[in-house]
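So the chains spell out like this:
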Amino acid sequence: MTSREVLPLAPETFHLFDTTLRDGAQQEGLRLSVADKLRIAGLLDELGVSFIEGGWPGANPNDTAFFAAARDQLQLRSAHLVAFGSTRRAGGSAATDPLTQALLDAGTEYVCIVAKSHDRHVTDALRTTLEENLAMVQDTVSHLVSQGRHVFVDCEHFFDGYRSNPGYALDVVRTAAEAGAEVVVLCDTNGGMLPSQMGDVVSAAGAIGVDLGIHCHNDTGCAVANSLAAVEAGVMHVQGTINGYGERTGNADLTTVIGNLQLKFGWPLLSERQLASLTRTSHAVAEITNQAPHARQPYVGHSSFAHKAGLHASAIKVDPDLYQHIDPMVVGNDMRMLISDMSGRANIQIKGEQLGFDLSDRELAARVTEAVKQREAAGYSYEAADASFELLLRSQLGELEAPFEISSWRVLTEHRPGEAEGETYSEATVKLVAQDPETGPKRLAVVGEGNGPVDALDDALTQALAPVFSQVERFKLLDYRVRIMETGGTDAVTRTLIDMSDGSRTWTTVGVGGNVIESSWEALADAYLHGLVNGYGTHQPKQ
């Protein structure tokens, strides 16, 4: 029997329920404006999720404003927008409860309400009786259904509640179903479950006869695995967030859930085009939320299909599938070959091919490989510095026609007490020979100023090159990172990585030196060299 034969068949109806805008927004340091939410909702709709939970109207002014804006500005093509709320207050009536009314005022066809399903949470947190809690569930669901809403119920702390009092946890599920809930969602709110524990609990709830969903947090690192285990036990509705955003350690990462259900279970949840947008969607949401993308995130991470060991590269040259569980292009990602002192000839050949160079000659590839290893031993790292690796390749192949050569450089930094509470002033002098394509070699000497020595060197280099190569004025230093390579205090060898952009492309160079200024200068000069060699900053980049 094959592994595919033991996997569950896709149910007739399956829900991908995204709660990035609500539960994901509870992540520490993450705050979404109304405009942010509208943009993310549009991306989720394009991806092909079934439901987008927009927030809690009435309880959160920003969420109330979002639903108001969504009515006019959000044109969903396939997904349904969902308003989130809770059961009515103890001792009250759903018909007069202000938060229940706010759910109706949000104007969504679907609503999702949270209900307590752990007996101790009912008595200790809500401070009411178990019977009243069931009445709250019944009253709220039936009232919303009577107002024409489709209702989902999130059973908060269900798995912990099932351990404490399984009969009562199941009573909450049964009450919600009998009141008209279309899906009852079992929530691992504390994130403490393991995959092997999911099946029996889900099956017990499934015996009630209502469609079930799953909502997992990642406190054991098992949110995705727990969600899949619940799917195997029969749930037809999975809640998660893009990139696993959420409080504490986050929620189930919906990008991973989608990848596994579509590519491992074989369920046709998204079209080929939508699945191919998975990586782009992940990174676009990360950009909007101002969260750094997680490089090692399954399927969509920058390093998901990055190969470093020479043994891997040798196999990949024969067949990429030998060291990749899927074709990365299926999810919109790409294979990357990392260059380091662990690289073999195959790594270099594949990476060279990706950059447009023919390294099929084994002797040539071996020579480049040896050059890389020698430079790595001196402190260089090409894993994240493709631009410097390309310059090294061009040099080894005799194809590096440098548009300029540095004659000398120096930088001075002085402190001026009394000026703006003691300003630090940096001045750099750069002398170089630029190869003017019309008039030939041109000697230039320029003094630059800046906020620190690297900024001053950048200013001087731009001024020196601009009279001959005007496109350098479009080059902007985006990021600057320094690492101490050995212990030894202030005289230790340092490595600097610089990200440069011309507005449409970004490239990274590396420099190594006996001090931070020396390593920074090498990375900076190489960044300008790589940009000019490739024609960046012009309308027609050099091929």
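Each remark here, short or long, concerns the structure printed above.
Before going into details, it helps to say that this report is about the structure given with it. Bear in mind the structure is a predicted one, so any value in this text is a computation, not a measurement. (Residues numbered from 1 in each chain as written. Predicted model: local features only at pLDDT ≥ 70, side-chain atom pairs only at ≥ 80, totals over all residues. Heavy atoms only, no water.)

A contiguous patch of negative charge, built from Glu 353, Asp 358, Asp 361 and Glu 363, is present on the exposed surface. Structurally, the position occupied by Asp 358 is in the loop between helix H15 (345-354) and helix H16 (362-377). Residue Asp 358 is classed as exposed on the basis of its relative accessible area, which comes to 59%. (Patch = residues over 30% accessible without salt bridge, like charges linked within 9 Å, V, L, I, M, F, W, Y side chains within 5 Å. Areas by Shrake-Rupley, 256 points an atom, 1.4 Å probe, with all protein chains shown as cover. Salt bridge = Lys/Arg side-chain N within 4 Å of Asp/Glu carboxyl O. Lys, Arg positive; Asp, Glu negative; His and termini not counted. Charge placed at Lys NZ, Arg CZ, Asp CG, Glu CD. Helix = DSSP H or I, 4+ residues; strand = E, 2+ residues; numbered from the N terminus. Buried < 20%, exposed > 50% of the residue type's maximum accessible area, 1.4 Å probe, protein only.)

Time to look at the sheet that holds strand S8 (residues 237-240). Reading around the barrel, the eight strands line up as S1-S2-S3-S4-S5-S6-S7-S8 and close back on themselves, with parallel pairing between neighbours. On average, each strand axis in the sheet is inclined to that of its neighbour by 25 degrees, with strand direction left out of account. Of the strand pairs in this sheet, strand S2 (residues 51-55) and strand S3 (residues 80-86) are connected by four bridges, and their pairing is parallel. By the bridge assignment for S3, Gly 55 is matched with Ala 83. Of the strands in this sheet, strand S4 (110-116), strand S5 (150-156), strand S6 (183-188) and strand S7 (211-216) touch helix H8 (residues 166-179), which is tilted by about 155 degrees from S6. (Pairing = 2+ DSSP bridges. Axes fitted to C-alpha atoms, helices over the stretch in contact; angles between N-to-C directions. Contact = heavy atoms within 4.5 Å.)

Moving on, we come to the nonpolar core. Core analysis: the largest hydrophobic core is formed by 96 residues, its most contacted members being Val 153, Phe 158, Phe 159, Leu 186, Leu 212 and Ile 214. Element by element, the count of residues in this core is highest for H8, at seven residues. Each residue touching Phe 158, except ones within four places of it in the same chain, is listed here: Ser 117, Ala 169, Leu 170, Val 173, Leu 186, Cys 187, Val 201 and Ala 205. Ala 387, Leu 465, Val 468 and Ala 527 belong to the second-largest nonpolar core, a separate cluster that totals 34 residues. (Core = buried A, V, L, I, M, F, W, Y, C linked by side-chain atoms within 4.5 Å.)

Okay, the pattern of salt bridges next. The final tally for this structure, using the stated rule, is 19 salt bridges. When the shortest N-O distance is used, the salt bridge between Asp 45 and Arg 77 registers 4.0 Å. Of the two residues, Asp 45 sits in helix H2 (residues 34-47) while Arg 77 sits in the loop between helix H3 (61-73) and S3, which places them 32 residues apart along the sequence. Judged by its relative accessible area of 4%, Asp 45 falls in the buried class.

Okay, the pairing of strand S16 (residues 506-513) next. The buried fraction of S16 amounts to seven of the eight residues, a majority that puts the element mostly inside the structure. With eight bridges connecting them, strand S15 (residues 494-501) and S16 associate as antiparallel partners. Following the sheet pairing, Arg 495 is matched in S16 by Val 512. Counting the residues between successive antiparallel strands, the hairpin from S15 to S16 contains four residues, one of them, Gly 503, with a positive phi of roughly 100 degrees.

Ordered by their spatial adjacency, three strands build an open sheet running S14-S15-S16, and the pairing between neighbours is antiparallel. A strand with exactly one partner marks an edge of an open sheet, and here the two such strands are strand S14 (476-484) and S16. Between one strand axis and the next, the sheet turns by 20 degrees as a mean value, whatever way the strands run. The strands touched by helix H19 (residues 516-533) are S14, S15 and S16; relative to S16, the strand with the most contacts, the crossing angle is about 145 degrees.

A separate point is the side chain of Asp 436. Within the secondary structure, Asp 436 is located in strand S12 (residues 423-436). With relative accessibility at 13%, the residue Asp 436 sits in the buried group.

In terms of backbone geometry, most residues other than glycine have negative phi values and most peptide bonds are trans. Despite not being glycine, Arg 248 has its phi angle at roughly 55 degrees, a positive value. Residue classification places Arg 248 among the partly exposed positions, given a relative accessible area of 46%. Positive phi, close to 60 degrees, is recorded for Asn 290, a residue that is not glycine. Judged by its relative accessible area of 69%, Asn 290 falls in the exposed class.

Further remarks concern the pairing of strand S13 (residues 440-450). As judged from the eleven bridges shared by S12 and S13, these two strands associate in the antiparallel manner. Note that in S13 the partner of Ser 426 across the bridge is Gly 450. Joining the antiparallel neighbours S12 and S13 is a turn of three residues.

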